[in-house]
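Report on the structure
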Amino acid sequence: MLELYHHGSSVCAAKVRLVLAEKGLQWKGHYLDILKGDQFDPDYMKLNPKAVVPTLVHDGRVIVESTLICEYLDEVFPDPKLQPADPFDRFSMRLWSKAVDEDIHPACAEVTFASTHRHTLARLPADQLARFLASTPPQSVTPTWHARKKEIVTLGFAAPGIDKPFRLYDRYLQKMEDTLQDRKWLAGDTFSLADIAMAPYVNRLDMLAMSAMWTTSRPRLTDWFERVKARASFQPAFFDWFPADLANDLKTFGAKSWPDVQRIFVSA
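Quantities reported herein were computed from a predicted structural model and do not represent experimental measurements. Along each chain, residues carry numbers from 1 onward, in the same order as the chain's sequence is written. Reporting of local features is limited, given that this is a predicted model, to residues whose pLDDT is at least 70; pairs of side-chain atoms are given and counted only at 80 or more, and all residues count toward the totals for whole chains, interfaces and linings. Values shown for side chains rest on all heavy atoms present in the structure; no hydrogens or waters enter the calculation.

Moving on: the sheet that holds strand 3 (residues 55–58). Between any two strands, at least two bridges found by DSSP are needed for them to pair. Helix and strand labels come from DSSP, where a helix needs a run of H or I of at least four residues and a strand needs a run of E of at least two; each type is numbered from the N terminus. Spatially, the four strands line up as an open sheet ordered 2-1-3-4, and their pairing is mixed. At either margin of the open sheet sits one strand with a lone partner, and together these are strand 2 (28–31) and strand 4 (61–64). Pairs of neighbouring strands in the sheet enclose a mean axial angle of 20 degrees, with direction left out of account. Two strands pair when backbone bridges link them, and strand 3 and strand 4 are joined in this way by four bridges, in the antiparallel orientation. Across the sheet, residue leucine 56 finds its bridge partner in strand 4, namely isoleucine 63. Between two residues, a contact is recorded if the distance between any of their heavy atoms is within 4.5 Å. Helix axes are fitted only over the stretch in contact, all axes being lines through C-alpha atoms; the angle between N-to-C directions runs from 0 to 180 degrees. Each of strand 1 (2–6), strand 3 and strand 4 touches helix 3 (residues 66–76); the most contacted strand, strand 3, lies at about 30 degrees to it.

Structural data, given as structure tokens:
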């Protein structure tokens, strides 16, 4: 039995749901509202001490870290195979996954909180917001995320160094554009865990009404994303679980934040 602890807006959970959908696997969901602090429940933190989603439980065995969950599912349920057959292509796949874990995901967290989540959290009563910000464990998205999240929620685009995650994101979008010059997918000629790793992060910008970061100047990336969205797995992985009010917040506040983002790139 496959059980997934997840949330609709979590980019990491979307990666795992995309793998599950690609393979046509049945699973039981445990939905945690991470903007209300469900992930800090002591029982859940016994499964995932970082207090993040997703967490997969397979026949009683706990698997954490979304990249590792995706690889685990591909090994246990190998049809269709989502890791390239060619060793160099598998290396390329793992390089994209490594980039997500080390660079892109931490940047996405800052981009999302600065652009929209801070506005959603502002609706919480003051005591609940303080409790939410205090509950992040010392080791979470990054070793400094406890303090950094509080800083971004409080200061928004005035937070020191907030330009850095947007610039990093933009560099990786260009790397995708360059990579797709001589291959159909990010790790070769077949759709793989590399594409699954990156899809949620491009989709996050799209949901933030920031798709101009590629549609205006990166045609190969634009085509890649359109092909990802056309896959039968896309809708159930990304939107069937996404709360409508939260999706509206991303679009509304993301659009309002776009001028701040443009100023970052103008000053580059």
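What follows is about the pattern of salt bridges. Whenever Lys or Arg places a side-chain nitrogen within 4 Å of a carboxyl oxygen from Asp or Glu, that contact is recorded as a salt bridge. Applying the stated criterion across every chain, the model contains 16 salt bridges. We note a salt bridge from arginine 183 to aspartate 182, for which the minimum N-O separation is 3.8 Å. Among the salt bridges present, the one from aspartate 223 reaches arginine 227, with a minimum N-O distance of 2.9 Å. Pair noted here: aspartate 223 and arginine 227 are both in helix 10 (residues 219–229), with a separation of four residues, about one helical turn.

What follows concerns the nonpolar core. By nonpolar core we mean a set of buried residues, namely Ala, Val, Leu, Ile, Met, Phe, Trp, Tyr and Cys, connected to one another through side-chain atoms within 4.5 Å. Per-residue accessibility, obtained with a 1.4 Å probe over protein chains only, is compared with the maximum for each type, and a residue is labelled buried under 20%, exposed over 50%, and partly exposed between these values. Counting residues in each nonpolar core, the largest one holds 79 residues, and the members touching the most others are Leu73, Ile104, Met176 and Trp224. For this core, the element with the most residues is helix 4 (residues 87–121), which contributes 12 residues. Core analysis: the second largest hydrophobic core is formed by six residues, Leu32, Ile34, Val53 and Val57 among them.

Each pair of packed helices can be summarised by the angle the axes make with each other and by the distance between the axes. At a minimum axis separation of 9 Å, helix 4 and helix 8 (residues 193–207) run at an interaxial angle of 15 degrees. Accordingly, the angle class assigned to the pair helix 4 and helix 8 is roughly parallel. The hand of the helix 4/helix 8 crossing is left-handed. Packed against helix 4, whose contacting residues are Met93, Trp96, Ser97, Val100, Ile104, His105, Cys108, Val111 and Thr112, the element helix 8 presents Leu193, Ala194, Ala197, Met198, Tyr201, Arg204 and Leu205 at the interface. Grouping the constituent residues of the contact of helix 4 with helix 8 by class yields 12 nonpolar, three polar and one charged. When describing relative orientation, an angle under 35 degrees is termed roughly parallel and one over 145 degrees roughly antiparallel, while 65 to 115 degrees is termed roughly perpendicular and anything else oblique. For any helix crossing, the convention is left-handed if the near helix is rotated counterclockwise from the far helix by under a right angle, and right-handed if that rotation is clockwise. Residues are sorted three ways: Asp, Glu, Lys and Arg are charged, Ala, Val, Leu, Ile, Met, Phe, Trp, Tyr, Cys and Pro are nonpolar, and all the rest, Gly among them, are polar.

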